[in-house]
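Commentary on secondary and tertiary structure
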Amino acid sequence: MPERPVVTRIAPSPTGSMHIGTARTALFNWLYARHTGGTFLLRVEDTDRERSTEAAVEVIFEGMRWLGLEPDAPPVFQAARANRHREAADELLARGGAYRDYMTAEELEAERETARAEGRVVRSPWRDIAPNDAPDRPFVVRLKSPLSGDTLVADKVKGDVRFQNKDLDDLILLRTDGSPTYNLAVVVDDHDMGVTHVIRGDDHLNNAARQTLIYKALGWEVPVWAHLPLIHGPDGAKLSKRHGAQAVSEFDSMGYLPEAMRNYLARLGWGHGDDEIFSDDDAVAWFDIVDVVSAPARLDWAKLNHINNHYIRQAQIERLTDLVSAIHSSRGLEVSSEARPVLERTIPLVRDGAKTLLDLADSTVFILGRRPLELPEKAATLLSEETRARLSRLSERLAATEAWDVSALELEIRAFAESEGVGIGKFGPALRICLAGAASAPDLAGALTALGQDESLGRLHDALSPAA
Ligand code: GLU
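These remarks concern the structure in this document. (Residues numbered from 1 in each chain as written. Predicted model: local features only at pLDDT ≥ 70, side-chain atom pairs only at ≥ 80, totals over all residues. Heavy atoms only, no water.)

A few words now on the overall build of the protein. A count of helices and strands for the protein gives 19 helices and twelve strands. At 32 Å, the protein has a C-alpha radius of gyration far larger than the 23 Å of a compact globule built from 468 residues. By its C-alpha atoms, the protein is 105 × 45 × 40 Å across when sized along the principal axes. Evaluated residue by residue, the protein yields a buried proportion of 49% over its 468 residues. Summarising the internal contacts of the protein: among those between residues at least 6 apart in sequence, 75% fall at separations of at least 24. Of the roughly 22200 Å² of accessible surface on the protein, a fraction of 50% belongs to carbon and sulfur atoms. (Helix = DSSP H or I, 4+ residues; strand = E, 2+ residues; numbered from the N terminus. Rg over C-alpha atoms; globule rule 2.2 N^0.38 Å. Buried < 20%, exposed > 50% of the residue type's maximum accessible area, 1.4 Å probe, protein only. Contact = heavy atoms within 4.5 Å. Areas by Shrake-Rupley, 256 points an atom, 1.4 Å probe, with all protein chains shown as cover.)

Position of T356 relative to the elements: it lies in the loop between α12 (339–350) and α13 (357–364). With a relative accessible area of 8%, T356 lands in the buried category. Here T356 is in contact with M254, G255, Y256, N305, N308 and I312, once residues within four sequence places are set aside.

Here we come to the pattern of salt bridges. Counted under the stated rule, the structure contains 38 salt bridges. The salt bridge partner of R81 is D189, with a shortest N-O separation of 2.5 Å. Placement of R81 in the loop between β3 (76–77) and α3 (82–95) and of D189 in helix α5 (residues 182–192) is noted, with a sequence separation of 108 residues between them. Using a relative accessible area of 0% as the deciding quantity, one classes D189 as buried. A salt bridge links D170 to R123; its shortest N-O distance comes to 3.0 Å. A residue pair is termed long-range when its members are at least 10 positions apart, and D170 in the loop between β7 (159–164) and β8 (172–174) and R123 in the loop between α4 (105–118) and β5 (140–143) qualify at 47 residues. A single burial state applies to D170 and to R123, both of which are buried. Linked through salt bridges whose partners overlap, the residues forming this network are R9, R43, E45, R81, R84, E87, D189, D190 and D192. (Salt bridge = Lys/Arg side-chain N within 4 Å of Asp/Glu carboxyl O.)

Pairing is parallel across the open sheet formed by three strands, whose spatial order is β1-β2-β3. Unpaired on one side and paired on the other, β1 (7–10) and β3 mark the two borders of the sheet. Note: strand β2 (residues 39–44) against β3, two bridges, orientation parallel. Opposite V44, over in β3, you have F77 as the bridge partner. (Pairing = 2+ DSSP bridges.)

Taken together, R9, A11, P12, S13, E45, Y182, V186, R200 and H204 are the residues near the ligand. Take E45: an N or O atom from its side chain is 2.5 Å from a nitrogen atom of the ligand. H204 places a polar side-chain atom, nitrogen or oxygen, 2.8 Å from an oxygen atom of the ligand. Relative to its unbound accessible surface of 300 Å², the ligand loses 80% to contact with the protein. A per-class count over the shell around the ligand returns four nonpolar, two polar and three charged. (Near = heavy atom within 4 Å. Polar contact = N/O pair within 3.5 Å; in protein donor to acceptor, adjacent residues only side chain to side chain. Nonpolar A, V, L, I, M, F, W, Y, C, P; charged D, E, K, R; others polar.)

Next up, the structure:
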């Protein structure tokens with residue numbers, strides 16, 4: 001039989017945030033689909049009507065967009081497919097693969113106790129009763145699971161995992177109100193969407209056994225399973241609030257670039273030798289699901305920062321300027337159209353040291369100061385008579401400087417220090433405060449270059465003028 005073209009999917013439940021584990025699962029599905037020339041789909045598992053608000057669904061779309069993992073077809077909404085799920089349950093009833101279970105709540109409770117006492121799973125007496133004996137009362141529809149043998153989940157990450165059928169109860173497919181249960185909905189949706197590879201968190205490994213039974217009962221081809229280990233915190237414990245960010249949106253607001261996230265997340269549980277930094281194209285070419293390791297992956301902030309720094313250094317200045325402007329503006333500092341070119345020329349001067357876009361915002365905020373800058377307290381001590389006089393002389397020299405760029409200004413400052421017979425340390429800190437106030441700034445030549453000649457001289461002049 002010819003291999004079916006690969007179809008993968010991410011199937012998040014809208015909870016109001018998109019967990020980083022979901023992002024990683026989405027990425028692996030996306031990579032595998034791209035690697036095989038297949039299709040990557042998105043299904044919104046919105047059957048919990050209370051949580052699945054429009055805003056919660058939007059969070060998922062937003063997260064996927066931000067990560068750059070767009071699905072190849074419009075999303076499927078699970079809740080809208082309840083009729084189709086019921087149809088599949090009816091088909092199973094007709095094929096004898098499922099039955100109506102009329103146990104009352106009391107009967108079920110009694111059976112639960114007996115089953116517990118006998119060390120077995122719950123079995124309904126209605127399994128083997130012909131439908132024309134049916135009483136007129138509410139029922140659930142249950143899968144008629146095999147009583148013996150085992151169910152194999154041949155998992156691409158976990159290896160072969162076998163489940164004893166006697167330990168799997170007849171799982172409910174439709175509740176008394178006719179609503180489909182989770183496992184039925186997932187199987188029917190995955191089948192109808194043509195999903196060939198189910199790649200998801202290993203918290204669903206047990207469901208894979210139950211879902212396998214549903215596939216078989218319906219006579220459908222069972223997909224390839226790949227259950228990914230969870231992401232743990234740096235200390236090896238399950239990722240939780242105390243480890244810092246968990247939601248995709250938090251990584252965004254902490255100033256991580258989506259391409260850095262993709263690169264970093266790809267390495268959580270998968271890798272290509274020791275390659276730390278690789279492009280999407282490389283990852284697509286190299287990725288194979290069988291290379292995913294089964295041990296939990298640990299979030300490593302230092303590595304993430306390192307990778308983010310790499311992509312910040314590579315990014316287009318235009319784009320960084322937009323992103324950093326947005327951060328300044330969210331902090332109440334609008335970047336005017338006059339300030340924008342200043343920001344554009346400052347970013348290349350400071351980005352090497354930036355781990356995140358927030359760092360980049362912090363290290364460029366000095367250009368947005370308005371004259372006269374408010375100087376921090378230590379300015380009084382730093383700006384002694386002697387230093388003021390020295391900075392005035394420097395100011396004159398800078399006013400005459402023609403080439404205004406980092407290397408020319410470095411030479412200029414060094415030459416000035418020499419001519420004064422002092423080290424740069426004698427006036428550097430004071431100069432920096434005159435130029436940047438309390439804000440952090442790049443080295444002196446960088447700060448001067450960023451501000452430009454007029455603004456630099458203006459700021460120096462303000463700081464050296466006697467207080468009004
Ligand atoms: N909706 C499930 C979750 O968010 C995913 C189910 C699946 O991938 O099969 O955990």
